[in-house]
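Here's the letter readout for the chains.
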Amino acid sequence: MLIRSKAKPMLAALAAMATILAGVGFAGAALADDKALADQVKILMQRVEDLTKEVQTLKKGSAQPPAQAPAQTAAAPAAKPASAEPKFDEFMKGFYGTLDVSFDDTTKGMAGNVAYHLLPDGSGLDYTNPKAGGANPVGRVGYMPALSTNKSQIGYRGEHKIGSSNVSLVYQVETALAISASPGLKTSQYQQSNVVNGAVGLGDTFIGLKGKEWGRVKFGTFYSPYKKSTDRLNPFSGMLGDYAVVMGNSGGDNRVEFGTRLDHAFAYESPKFGGMWSFNVLYSPGQNRTYNNVVQSSGSPDCNGGNMPGSGNLLLNCDDGGFDNAFSADVEIETGGFYATAAYEIHKNVNRNSDGIGANHPQYGNLLGAAGNCAAGSDPATWGPIDCATWQAISPVAPSFAANASPPYLTSIGDETAFKIGAQYKFGFGLTVSAAWERLHHDLPAVLEFQNERTRDNATWLAVSQDVTPSDNVSAGWAHAGRTPGDPGGQHNYDPSKTDNSANMYTLAWKHRFDKQVYWYLDWAATINHGNAHYDVGAGGRGLTTDCHDGTNATYIDYSSAGNTTWGGCRPSGVSTGVNYKF
């Protein structure tokens, strides 16, 4: 407006001046012949013409909307948030997680069981004709309510393209959460660990490289291909009755030997070939300087295989499953609704010396025909299939047991392998059927097979899952653990006459999905152990498991190890209801 108001009088003055000067110029040219005066008039006219052009240019500029220039100036800063917002959204998309808390009511299923202690002189042992003096499980072994945090974690993942190449740096950091309990060491009466709940890195954590054409390599701590190959076959993941109670679990206790994360590992994951099949391999160096893996691997808080040194027996050793190098691989085929996989894993030189706590006492060897008391000078006829010299070679120190001591059992070290096949088919009407078969093997000398519960030639899993409404799903599962060659014994109620140590687990679950991220579930599970088997319910990632240990918290001199006692043949069961949220 200021420019326009000044331009009007200026234009009028210039026009008047041009008219006057033009008149003067023509008059001067007519009245005088002075050439110099005519030249000055021409110069003055040229200046007037130039000034007129400048005024016309100024006029055109003043005709534009006065608010336009300020608007353009204000729009420039506003563009910065618009360009920054997608980057922030992209950053936030890297976060993911699962929050799952349940209310459980479970029982150990051992109320009324009676154990007849095996005394050093062999008295007091009569399973076929029980007599007075038997012991019952100690503590609260019936139904008990509890809150449990199940497979909850928060993580961040992403990738960074390297320069102008087709290779990206990939990374992931994950932490497990304990929502229903305070963070801290994973320590309970039945299981001890130096791993801290809630710590960054307690989860699949790695760094690696990815190429669209050749796949991905990663380095860190993560689940093995063996474990992940059949995850999709398990609709009860993190619930009571998770198939990991049996699948990948040797010995039937809380730990799942072939379903855990492996430290200091590196892996290769292939792309899908032909849009149908792929494979994955993993190698984890043992990083252990001892010849028998009796200490933790360098840089690890726990023994390989889980648990802190000393967990499972009396000495601060990794002789309850510590191992050396590990190798794992799988191959997967998927087309339409069909999926199939085959997987293999090996743990080298697994130390199972603690299995001999029960097997290496003076009387247990006699019961199994293994010359357990040859050092006591008993009749050689009772020594069974091996003589005293062989027994001494197996156990360099004379077989004996004393309170607060773990007997040397230095040759119970060997490779453990696992092999499984699995398949799944999803029908168009909402039904999914999953099945798997597995074989576990612990390589031991023949003379030690009588205490080998780690070899299992047959384990099967069958699950069906049906969508009954767009929001509701019902699932049922059955797991079977086959017999093992032997049992380390050492339990209060161990019965050498019972050779069928198989088990069956049954699971039912109902899930109601509120939306794509939140569902509520109700499930029931029961494990039926036969003979001296002691499988639990809840192994494989739950915060709480219900197993076959009683509440004993004292040391007994009956070759049952220290602390809580395992009751073979227990029947743990329970119900659980909870909420699961994924983001």
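> How should I be thinking about the overall build of the protein in this particular structure?
Broken down by element type, the protein carries seven helices and 19 strands. Every one of the 583 residues in the protein was classed for burial, and the buried ones make up 45%. For the protein, the share of sequence-separated contacts (at least 6 apart) that also reach a separation of at least 24 residues comes to 68%. Of the accessible surface of the protein, which amounts to about 28,200 Å², a share of 62% is contributed by carbon and sulfur atoms.

> Just checking my understanding: could you explain the confidence of the model for the protein for this structure?
Here the protein averages 78 in pLDDT, while 68% of its residues score no lower than 70. Counted against residues more than four places away or in other chains, residues 1-7, with its pLDDT under 50, gives four contacts. Under a pLDDT of 50 for its full length, residues 119-132 has, in the predicted model, 22 contacts with residues more than four places off or in other chains.

> Would you explain the state of the cysteines in this entry?
Linking two cysteines covalently via their sulfur atoms produces the bond known as a disulfide. With the rule as written, the count across this model stands at two disulfides. The residue that forms a disulfide with C303 is C318, at a sulfur-sulfur distance of 2.0 Å. Looking along the S-S bond of the C303-C318 disulfide, the torsion reads about -80 degrees, which is the left-handed sense. Here C303 is found in the loop between strand 10 (277-284) and strand 11 (326-335), whereas its partner C318 is found in the loop between strand 10 and strand 11, with 15 residues between them in sequence. Each member of the pair, C303 as well as C318, is classed as buried.

> Explain the environment of R261 here, please?
With respect to the helices and strands, R261 occurs in strand 9 (residues 261-269). Judged by relative accessible area, R261 falls into the partly exposed class, the value being 28%. Measuring from C-alpha to C-alpha, the distance between R261 and K227 comes to 8.8 Å, with 34 residues separating the pair along the chain. The residues touching R261, leaving out its near neighbours within four places in the chain, are E174, G203, D204, T221, F222 and Y223. Among the polar contacts listed, one links the side chain of R261 to the side chain of E174, at a separation of 3.4 Å.

> How should the pairing of strand 15 (residues 456-467) be read in this particular structure?
Looking along a regular strand, one sees the side chains alternate between the two faces of the sheet. Pairing of strand 14 (residues 431-442) with strand 15 involves nine bridges; the strand directions are antiparallel. Residue pairing in the sheet places E438 in a bridge with A459 of strand 15. Where strand 15 and strand 16 (residues 472-481) come together, nine bridges link them in antiparallel fashion. The residue of strand 16 that forms the bridge with A463 is G477. Counted between consecutive antiparallel strands, the loop separating strand 15 from strand 16 contains four residues.

> What is the right way to look at unusual backbone geometry in this model?
Most of the time, phi is negative for any residue but glycine, and the peptide bond is trans. One non-glycine residue, Q287, lies in the positive phi region at around 50 degrees. Among the structural elements, Q287 can be located in the loop between strand 10 and strand 11. Of the residues examined, Q287 reaches a relative accessible area of 33% and is grouped as partly exposed. With a phi close to 55 degrees, N293 is a non-glycine residue in the positive phi region. Mapped onto the fold, N293 is located in the loop between strand 10 and strand 11. What makes N293 buried here is its relative accessible area of 2%.

> Whenever I open this one, the environment of V464 confuses me. Can you help?
Relative to the helices and strands, V464 is located in strand 15. Classification of V464 by relative accessible area gives partly exposed; the value is 35%. V464 sits twelve residues away from A476 along the chain, and the two C-alpha atoms are 5.5 Å apart. Beyond its immediate stretch of four places on either side in the chain, V464 contacts T432, V433, V474, S475 and A476.

> What's the story with the pattern of salt bridges in this structure? I'm lost.
Oppositely charged side chains may form a pair once their charged atoms are brought near each other. Throughout the structure, instances matching the rule amount to 21 salt bridges. With a shortest N-O distance of 2.8 Å, K348 and D415 are connected by a salt bridge. Residue K348 is located in strand 12 (residues 338-351), and its partner D415 is located in strand 13 (residues 413-426); the two are separated by 67 residues in the primary sequence. One network of salt bridges, in which partners are shared, links E257, R352, E416, E453 and R454.

Reading the values: rules and limits
- Residues numbered from 1 in each chain as written.
- Predicted model: local features only at pLDDT ≥ 70, side-chain atom pairs only at ≥ 80, totals over all residues.
- Heavy atoms only, no water.
- Helix = DSSP H or I, 4+ residues; strand = E, 2+ residues; numbered from the N terminus.
- Buried < 20%, exposed > 50% of the residue type's maximum accessible area, 1.4 Å probe, protein only.
- Contact = heavy atoms within 4.5 Å.
- Areas by Shrake-Rupley, 256 points an atom, 1.4 Å probe, with all protein chains shown as cover.
- pLDDT = per-residue confidence, 0-100.
- Disulfide = S-S within 2.5 Å.
- Polar contact = N/O pair within 3.5 Å; in protein donor to acceptor, adjacent residues only side chain to side chain.
- Pairing = 2+ DSSP bridges.
- Salt bridge = Lys/Arg side-chain N within 4 Å of Asp/Glu carboxyl O.

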